[in-house]
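# Descriptive structure summary
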Amino acid sequence: MVIKTLLVSLVVIGVVAFIAQQIDPSNAFAQWRNPGARALTADQFKGLVISGLSQGVLYGLIALGYSMVYGVLGFINFAHGEVFMVSVYTGYIASHKFAANGMWESNFLLCLVIVLVLATTVATATAILMERIAYRPLRNSPRLIPLITSIGVSFFLQNAVLGFFGPSTRSYPQLPEWLSKQYSIITFEISGTKLMVLAVTMVSMAGLWYLVERTKTGKAMRAVAEDKEIASLMGINVNRIIVTTFGVGGAMAGVAGIMFGLLFRAVHPMTGFLPGIKAFTAAVVGGIGNLGGAMTGGIALGSAESIAPMMILEPLGVPGVTQLKDAVAFTVLVMVLLFKPSGLFGEQLSSEDRP
Amino acid sequence: MSTETDTSASPSSSDKGQALLEFRKVNTHYGAVHILKDVDLEIYPGELVCLLGGNASGKTTTLKALLGMVKPTSGEVVLNGEVVNNQPISYRVSNGVTMVPENRRLFKRLSVLENLMLGAYLRNDKAGIKEDLEYIYDLFPRVKERLTQKSGTLSGGEQQMVAIGRALMSRPKVLLMDEPSMGLAPALVQQNFELIEKINNEGMAIFMVEQNANMALSIADRGWVLQTGMVVLNDSAEALLANPEMRAAYLGEA
């Protein structure tokens, strides 16, 4: 109760102080905690929104994998962030191969498509192998056991990559100029890379939506998520549907990996950790098991960690706010768990409803 | 193992030709617990048979073994004259057996139409599926009105209709029903049995496990009584209704 009140008052005071600051930076309330208060310009604010959005959709894409696997098997696959990391590395290797023979500059779009297909395939294969080797033998054990196993799988993959590539940060090759240029869309200044991230994410989401809602496989996936015994009575091959679920989740993480690589152009063995944990947070924020929720949760989380430092922490006079993104993200997790544990769109599930 | 057909156990079997579904000396174990003990059963085309018995007598295990959800430790499960002990559920479903599970167990978050279509999951004949959908709409006009609704929002009676419809969508030759009247309002129970009789009258063989022995026997052709995993009675429905032992144990008369 104390924590709830404290958190809510912090947020409220922060927002009020921010508004005061926007009206007139020299007003007494705005200067109460932060004497150096200054108003945020509209362009700065729009910039925060855009970077929050492009980061958020990536969280959303990864979160889909957490959510789908939870929906079908009822456990959190903590190694899912590593599937994402594997994809970023695949993209790194492939793009450097293309850069070495000059194709990366001369025919960037073709290279990008090949890299995307390649990374998605590798990520899908990683996810499927993971299910096959680590999780399937544990299908009938208590739910805590696959959960702990997934943490082990995560360590294994991190260290395998560490062994192959070493601990240093590797960078993606230079992107063509039209991607790093700023474009102006309805008064929003947005870089070509971010624009592409948003577009590719939207296409992947639409594809996933079509698969889950409109195809026979999707119907079978939803049936398996709800009741495995009856699904098998319908003649559905439950094992195959579980593999498909892992594969599709892996593919989404694969797409997210390449987008991440283009956006930040850097990769190291721990790349998957923070985005993975944050995507898990996004899945919880949206309501785990709910696909629309995972995407909304991702966007909400990305926006929060981009905007909240300037909008809530800065007016409160917290020093070094730009470093506090991660703290904000996990505060959001704590708040969701305190106020609405089922998430934004999650259903209230009783323990009997869970497999 | 001998494959000769021994049908002497059933009083009305001699004139019916080959059984659709049979148990030959089936035993099942759950861990060390012996559930079904040398059970012989057979279901012929077009019959309405009911399986009676108290709690823990092995009724649900019988259904699960017929479908392949439980593997017999010995004995044979025979479908259309073929031993199917090692065939998966999907094989049995596409060869004419399916079940309306206890408590209906619809996919509550899926729409009514999606539930029906999942019943036809193993089929690829679009025209036939459409035909069967029309048949189900004829049988249950109420279902047609609610096709796009999530099935979890339906009333108990409507859910029963969808559950039966979903089972019929696999075009079965024999329909297994696990406690069809369980959890239905008393007013609906009568209606439910009339419905089962109606489907049976159209030629569908039905094998029903039921607590409500009086009602079940009043529409059934034959009945089996299980007690702690053994068949103790096996007779025509009329004979069972008249059997004094039966009346005392299952029909609520002291």
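Residues numbered from 1 in each chain as written. Chains lettered and ligands numbered in written order. Predicted model: local features only at pLDDT ≥ 70, side-chain atom pairs only at ≥ 80, totals over all residues.

A word on the pairing of strand E6 (residues 74–79) of chain B. All names here are of chain B. Where strand E1 (residues 21–27) and E6 come together, 5 bridges link them in antiparallel fashion. What sits directly across from Phe23, in E6, is Val77. Here 2 bridges tie E6 to strand E7 (residues 82–83), and the two strands are oriented antiparallel to one another. Following the sheet pairing, Val78 is matched in E7 by Val83. Linkage of E6 to E7, two consecutive antiparallel strands, is achieved through a turn of 2 residues, within which Asn80 is found at a positive phi near 50°. (Pairing = 2+ DSSP bridges. Helix = DSSP H or I, 4+ residues; strand = E, 2+ residues; numbered from the N terminus.)

Moving on, we get to the sheet that holds E7(B). On the basis of which strands lie adjacent, the open sheet formed by 4 strands has the order E4-E1-E6-E7 (chain B) and antiparallel pairing. Looking at which strands have only one partner, the edges of the open sheet turn out to be strand E4 (39–43) and E7 of chain B.

Attention now goes to the sheet that holds strand E8 (residues 97–100) of chain B. The strands making up a sheet associate through backbone hydrogen bonding, with each pair oriented either parallel or antiparallel. All names here are of chain B. Strand order in the open sheet made by the 6 strands is E8-E9-E10-E5-E11-E12, with mixed pairing throughout. The outermost strands of the open sheet, each flanked by one partner alone, are E8 and strand E12 (230–236). Strand-to-strand twist of the sheet, defined as the mean angle between neighbouring strand axes without regard to direction, takes the value 20°. With 4 bridges connecting them, E8 and strand E9 (residues 174–178) associate as parallel partners. (Axes fitted to C-alpha atoms, helices over the stretch in contact; angles between N-to-C directions.)

Here the focus is the environment of A:Gly346. All names here are of chain A. Tracing the backbone shows Gly346 in the segment after helix H15 (325–339). Its 21 C-beta neighbours within 10 Å are what place Gly346 among the buried residues. As for Gly346 and Ile114, which are separated by 232 residues in sequence, their C-alpha atoms are 37 Å apart. Beyond its immediate stretch of four places on either side in the chain, Gly346 contacts Gly287, Ile288, Gly289, Asn290 and Gly293. (Buried ≥ 20, exposed ≤ 12 C-beta atoms within 10 Å, placed from the backbone. Contact = placed C-beta atoms within 7 Å.)

Quick look at the pairing of E9(B) now. Residue and element names in this part refer to chain B. Counting buried positions over the 5 residues of E9 gives 5, a clear majority of the element. Along E9, one buried face is formed by Val174, Leu176 and Asp178 and the opposite face, lined by Leu175 and Met177, is buried too. As paired strands, E9 and strand E10 (residues 205–209) are joined by 5 bridges and run parallel to one another. Directly across from Val174, in E10, lies its bridge partner Ala205.

Residue and element names in this part refer to chain A. A rise of 1.5 Å per residue sets the reference length of helix H3 (residues 42–73), with its 32 residues, at 46 Å; its end C-alpha atoms lie 45 Å apart and thus fit the reference within 8%. The largest bend in H3 is about 25°, located at Ala63. Phi turns positive, to about 75°, at Gly74, one or two residues after H3. (Expected span 1.5 Å × (residues − 1). Bend = angle between axes of the 7 residues up to and from the residue.)

Residues and elements named next belong to chain B. Relative to the helices and strands, Gly229 resides in the loop between strand E11 (222–227) and E12. Taking the number of C-beta atoms within 10 Å as the measure of exposure, Gly229 has 21 and is therefore buried. Sequence separation between Gly229 and Thr28 is 201 residues, and the spatial gap between their C-alpha atoms is 9.1 Å. Ignoring sequence-local partners within four residues, the contact set of Gly229 consists of His34, Ile35, Leu36, Lys37, Ser57 and Gly58.

Okay, the confidence of the model for chain B next. Residues and elements named next belong to chain B. Counting all residues, the mean pLDDT for chain B is 87, and 92% of those residues have values of 70 or more. Here helix H10 (residues 244–249) is the element of chain B with the lowest mean pLDDT, 80, and helix H3 (residues 112–119) is the one with the highest, 95. Low pLDDT, under 50, characterises residues 1–14; the predicted model gives this stretch 14 contacts beyond four residues in sequence or across chains. Interface confidence for the predicted complex, expressed as ipTM, amounts to 0.86; the pTM equals 0.88. (pLDDT = per-residue confidence, 0-100.)

With that settled, the discussion passes to the domain arrangement of chain B. Residue and element names in this part refer to chain B. Taken as a whole, chain B is organised into domain 1 (18–96 + 175–254) and domain 2 (104–171). For domain 1 and domain 2, the distance between their C-alpha centroids amounts to 24 Å. On the domain 2 side, the residues contacting the 9 residues of domain 1 number 6 residues. Looking at the side of domain 1 that touches domain 2, the elements with two or more residues in it are helix H2 (89–94) and helix H7 (186–201). No other element matches H2, which puts 3 residues into the side of domain 1 that touches domain 2. In terms of residue class, the side of domain 1 that touches domain 2 is made up of 5 nonpolar, 4 polar and no charged. (Domains from an automatic or database assignment. Nonpolar A, V, L, I, M, F, W, Y, C, P; charged D, E, K, R; others polar.)

On to unusual backbone geometry, then. Here A:Thr187, not a glycine, exhibits a phi torsion of approximately 70°, which is positive. Checked against the element boundaries, A:Thr187 lands in the loop between strand E2 (182–185) and strand E3 (188–191). Residue class for A:Thr187 comes out exposed when judged on the 8 C-beta atoms lying within 10 Å of it. Residue B:Asn103 is not a glycine yet carries a positive backbone phi of 60°. In this structure, B:Asn103 sits in the loop between E8 and H3.

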